[in-house]
Amino acid sequence: MLRLLVLTCLVASCFGARLPRRPRLDGRIVGGSDANIEDLPYQLSFEYGGSHMCGASIISENWVVTAAHCVDGVSASSARFRAGSSVRGSGGSLHQATQLIANPQYDYYTIDYDVAVARVATPFSYGSGVQPISLISVEPSAGQTATVSGWGTFFSGGSLPRQLQVVSVPIVSPQQCNNDYASYGGITENMICAAEEQGGKDPCQGDSSGPLTVGGQLAGIVSWGAGCAQRGYPGVYSNVATLRKFITDETGVN
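Quick caveat, the model's predicted, so the values are computed rather than measured.

Asks: An account of the sheet that holds strand S6 (residues 79-83) is requested, with residue identities and associated values reported.
Replies: Read around the barrel, six strands follow the order S3-S4-S5-S8-S7-S6 and close on themselves; strand pairing throughout is antiparallel. On average, each strand axis in the sheet is tilted by 45° relative to the strand beside it, whichever way the strands run. In this sheet, strand S5 (residues 63-66) lies alongside strand S4 (residues 51-58) in antiparallel orientation, the contact comprising two bridges. From the neighbouring strand, Ile58 faces S5, where its bridge partner is Val64.

Have a look at this one:
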């Protein structure tokens, strides 16, 4: 998946950051279909310097959940979130970030504890295309259907789509995912995985920090992977169930 190739270009190389030990995510949904924001009203576009960089999710009128790797080296004054639009870079409402708070245990090399929260200056005005999503409290089981969305590329190294994309993938057991990524050091308890066994459906470059939902709750945050939609390499997501305390402690959102 080298999904974070776009992120590495937009952020890491721009700030002289080191390359991580793991491959990283940040592309577009592979194998999905066009989506309307009314069906995914919690979805945000995280814009840096005026351009889409990552995804994010609304959790309250004033707070957003995203990935730590997407705020690494980024100043709040250069970050904003676009809500209520299905189209990348236009429409909806823009919300300037006033705080970007990464989990202090985030590890750049292993991508563990890959979660961050952001406070916005202008509260989100709820409507049909703008709604918060609740945080899951119990890690989803293998085989459960999850939904992931974003404006990432259709394939590794491809261009970003204008229209929001969505795809459904089953949760993969931690044991299987750990085996699949043994050569990359495996996964931690703060990571969950999802993928079709045969590949072909996955987030990709530009989808980083976007939402993975199960049963209408936020269960994961697009984090990293090896390539995009490759058989034998599931997408890896930050595990909201195990990282929930950090989110709640910083935002007060349960």
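That covers the picture; the talk isn't over yet.
Asks: So what's going on with the environment of Ser51? Residues and values would help.
Replies: With respect to the element layout, Ser51 can be found in strand S4. Ser51 sits 29 residues away from Arg80 along the chain, and the two C-alpha atoms are 9.5 Å apart.

Asks: Which residues make up helix H4 (residues 240-251), and what values go with them?
Replies: With twelve residues, H4 should reach 16 Å at 1.5 Å per residue; the first-to-last C-alpha distance of 14 Å falls well below that figure. Looking only at H4, the buried set comprises Val240, Ala241, Leu243, Phe246, Ile247, Thr248 and Thr251. Between a side-chain oxygen at the N-terminus of H4 and the backbone nitrogen of Ala241 the separation is 3.2 Å; the capping residue is Asn239.

Asks: Which residues make up the state of the cysteines, and what values do they have?
Replies: In total, this model carries two disulfides according to the counting rule given. Paired through a disulfide, Cys54 and Cys70 show a sulfur-sulfur distance of 2.0 Å. Judged by the sign of its S-S torsion, about -85°, the cystine formed by Cys54 and Cys70 is left-handed. Placement of Cys54 in strand S4 and of Cys70 in helix H2 (residues 68-71) is noted, with a sequence separation of 16 residues between them. The exposure classification of Cys54 matches that of Cys70, with both residues buried.

Asks: Summarise the side chain of Thr251; cite the residues concerned and give the values.
Replies: Here Thr251 shows up in helix H4. Not counting the four nearest positions on each side in its chain, Thr251 is found in contact with Ile59, Trp63 and Val117.

Asks: Go over the nonpolar core, please, and point to the residues and values.
Replies: The biggest cluster of nonpolar side chains holds 37 residues, and the ones touching the most others in it are Ile59, Val65, Val115, Val117, Leu212, Tyr237 and Ile247. Of the residues forming this core, the biggest block, five residues, is contributed by H4. The residue makeup of this core includes at least three contributed by each of domain 1 (41-131 + 244-251) and domain 2 (133-241). Beyond its immediate chain neighbours, meaning those up to four positions away, Leu212 contacts Ala146, Thr147, Val148, Val169, Ile171, Ile192, Ala194, Gln217, Leu218, Ala219, Gly220 and Tyr237. Core analysis: the second largest hydrophobic core is formed by 20 residues, Cys70, Val71, Ala83 and Phe124 among them.

Asks: So what's going on with the packing of aromatic side chains? Residues and values would help.
Replies: Scanning the model with the defined rule gives six aromatic pairs in all. Ring centres 6.3 Å apart and planes at 75° place the aromatic pair Tyr184 and Tyr233 in the edge-to-face group. Here Tyr233 lies in the loop between strand S15 (217-224) and strand S16 (235-239) and Tyr184 lies in the loop between helix H3 (174-180) and strand S12 (191-194), a separation of 49 residues in the sequence. Under the relative-accessibility criterion, Tyr184 is labelled partly exposed at 24%. Residue class for Tyr233 comes out partly exposed when judged on its relative accessible area of 26%. Joined through ring pairs, the aromatic side chains of Tyr181, Tyr184, Trp224 and Tyr233 make up one cluster.

Calculation notes
Residue positions are given per chain, counting from 1 as you read along its sequence in written order. Only residues with pLDDT of at least 70 are given local features in this predicted model, and only at 80 or more are side-chain atom pairs given and counted; all residues enter the totals for whole chains, interfaces and linings. Hydrogens and water are ignored here; the side-chain numbers use all heavy atoms of the structure. Following DSSP output, two strands are said to pair if at least two bridges run between them. Secondary structure follows DSSP: runs of H or I at least 4 residues long count as helices, runs of E at least 2 residues long count as strands, and numbering of each begins at the N terminus. Angles here are taken between N-to-C directions and fall from 0 to 180 degrees, while the axes themselves are lines fitted to C-alpha atoms, restricted in helices to the stretch in contact. To estimate the expected span of a helix, count its residues, drop one, and scale the result by 1.5 Å. Exposed residues in this analysis have more than 50% of their type's maximum accessible area, buried residues have under 20%, and partly exposed residues fall in between, with area computed by a 1.4 Å probe over protein chains only. Any N or O atom pair separated by 3.5 Å or less is treated as a polar contact, with the protein-specific requirement of one donor-capable and one acceptor-capable atom, and with residues adjacent in sequence counted only for side-chain atom pairs. Throughout, a disulfide means two cysteine sulfur atoms within 2.5 Å of one another. Residues are treated as being in contact if the distance between any of their heavy atoms lies within 4.5 Å. Nine residue types can take part in a nonpolar core, namely buried Ala, Val, Leu, Ile, Met, Phe, Trp, Tyr and Cys, and a core is a set of them joined through side-chain atoms within 4.5 Å. Boundary definitions for the domains trace back to an automatic or database domain assignment. Stacked, tilted and edge-to-face are the three classes applied to pairs of Phe, Tyr and Trp rings, where Trp contributes its six-membered ring and a pair requires centres within 6.5 Å; stacked means planes under 30 degrees apart, edge-to-face means over 60, and tilted covers the rest.

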